[in-house]
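Breakdown of the fold
Here is how the chains run, residue by residue.
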Amino acid sequence: MEEPESFLHPSAQAEFGRVLHDLAEEFQVQVIVTTHSPYLLNMQQPASNVLLRRRTAYRQLRDTERVQTTADNWMAPFGQALGLDTDEFKPWKALFLSGSDAILLVEGETDKEYFEMLRDGAHGANRLTLSGEIVSYEGTGALRNTVLLRFIRNRYPKLFVTFDLDASQQLEKSLHALQLEKGKHYLAVGLNAAGKKNIEGLLPDSVTTAVYGANPALVQAATAGTKEEQESAKGRLKKMLLDEFKKTAQPGPEHFGHFYPLVKTINKALS
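Description of the structure in this document. (Residues numbered from 1 in each chain as written. Predicted model: local features only at pLDDT ≥ 70, side-chain atom pairs only at ≥ 80, totals over all residues. Heavy atoms only, no water.)

1. Considerations on the sheet that holds strand β4 (residues 133-136)
With parallel pairing, the four strands of this open sheet are ordered in space as β4-β3-β5-β6. With one partner strand each, in any of the chains shown, β4 and β6 (186-189) form the two edges of the open sheet. Each adjacent strand pair in this sheet contributes to an overall mean axis angle of 20 degrees, direction not counted. Relative to β6, strand β5 (residues 158-164) is paired through four bridges, and the arrangement is parallel. Note on β6: the bridge partner recorded for D164 is V189. (Pairing = 2+ DSSP bridges. Helix = DSSP H or I, 4+ residues; strand = E, 2+ residues; numbered from the N terminus. Axes fitted to C-alpha atoms, helices over the stretch in contact; angles between N-to-C directions.)

Structural data, given as C-alpha cells:
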C-alpha cells in the first residue's frame, strides 16, 4: 500500500494504522505500507518500522541505506516524520509502546503510584475506573513540546493529562493552543494553598506532619539549599510521603477525600 494516509485526518490515519496491524495479526499476513505519516507507524512493534535514508555525496543522491530502528533507536522513524530530535521521545517510550486507547498521563512515577492506589475496588463509587494505562511523562518539560503533544493527542482517542497546580501558568497556554479543554482533557493536581500545589498537597495533614516532623533537615534543604540540594531533598521527601501514605491510608474520605473530586473528573472524561 502506497501512502494510504492521503486525505485522511490524523486521527483517522491512526485508526487505519491500528486496523492494518490487527488484520496482519489476525490473518498472519505481511502488510507493507509506504508512508510519510507518523500516525501510520507501528507503535506496538516499533522494530517493524523501516526507515530508509538516501545517502548524498558531493550534493548528489547516492545509495539508499536502512536506518536501525530496533532497541534504543525505536523512535527514529517518528522523529523523522515529525521533524524532531529523537531524544525528545525518550520520556514518552511507555506511552508509545502502550497498546491501550485510553491513557492517563501523569507527571512522574510517584503520581502514577497514587493513581494506581485509586483503582482499588474498595473505593467503591470513588474508584478510578480507567480501563487503559497510567503513563508517566517524567516532568512538565515534556508537555512543552507542542508538536509531539499534538501527535499524541491525535493518536490516542481517550487521553487525559494531569500536572502539578504550580505548573498551570506555564502549561495551560500550550494546552489551549492544541484545543485541549480543562476538565475534559486535562486538570491540574493540588490545592490552591502554599506548599500544596502538587499531588502531595492532596494528602491528609497527618501524613505530611509525620514525615516533615521526622525529617527537619530534609525539609530545610528542600526550601533553603542549593538547586541540586533542593531537587534531591524534594525527591526524597516525595518518596517518604508516598511510603507513609501507603502504610497508613485506608480507602475512604478521611485519607483520600481530596483525591476523589479529581477521580470523578477523570472518570467522566475517559468514560
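Structure shown, so let's carry the discussion forward.
2. Quick notes on the packing of helix α8 (residues 216-224) against helix α9 (residues 227-248)
In contact at an axis separation of 7 Å, α8 and α9 are set at 135 degrees when each is read in the N-to-C sense. If you check the angle between α8 and α9, you find them oblique. In this structure, α8 crosses over α9, and the sense of that crossing is left-handed. Of the residues in α9, those in contact with L218, V219, A221, A222, T223 and A224 of α8 are E229, Q230, A233, K234, R236, L237 and M240. (Parallel < 35°, antiparallel > 145°, perpendicular 65-115°, else oblique. Left-handed = near helix turned anticlockwise from the far one by under 90°. Contact = heavy atoms within 4.5 Å.)

3. Some remarks on the packing of aromatic side chains
Across all of its chains, the model carries 16 aromatic pairs by this definition. Look at W92 and Y137: their rings are 5.9 Å apart centre to centre, the planes differ by 25 degrees, and that puts the pair in the stacked class. In this pair, W92 is assigned in the loop between α2 (76-82) and α3 (93-96) and Y137 in the loop between β4 and α5 (146-155), connecting sequence segments 45 residues apart. By relative accessible area, W92 is classed as buried at 1%. Their ring planes at 25 degrees and their centres at 5.8 Å tell us that F163 and Y186 sit as a pair that is stacked. (Phe/Tyr/Trp six-rings, centres within 6.5 Å; stacked < 30°, edge-to-face > 60°. Buried < 20%, exposed > 50% of the residue type's maximum accessible area, 1.4 Å probe, protein only.)

4. A closer look at the nonpolar core
Counting 34 residues, the largest nonpolar core has W92 and F96 as the members making the most contacts within it. Of all the secondary structure elements, the ones that give two or more residues to this core are α2, α3, β3 (102-106), α5, β5, α6 (168-177) and β6. Per element, the largest residue contribution to this core is four residues, and it comes from α5. Grouped together as the second largest cluster of nonpolar side chains are 33 residues, L104, V189, V211 and L262 included. (Core = buried A, V, L, I, M, F, W, Y, C linked by side-chain atoms within 4.5 Å.)

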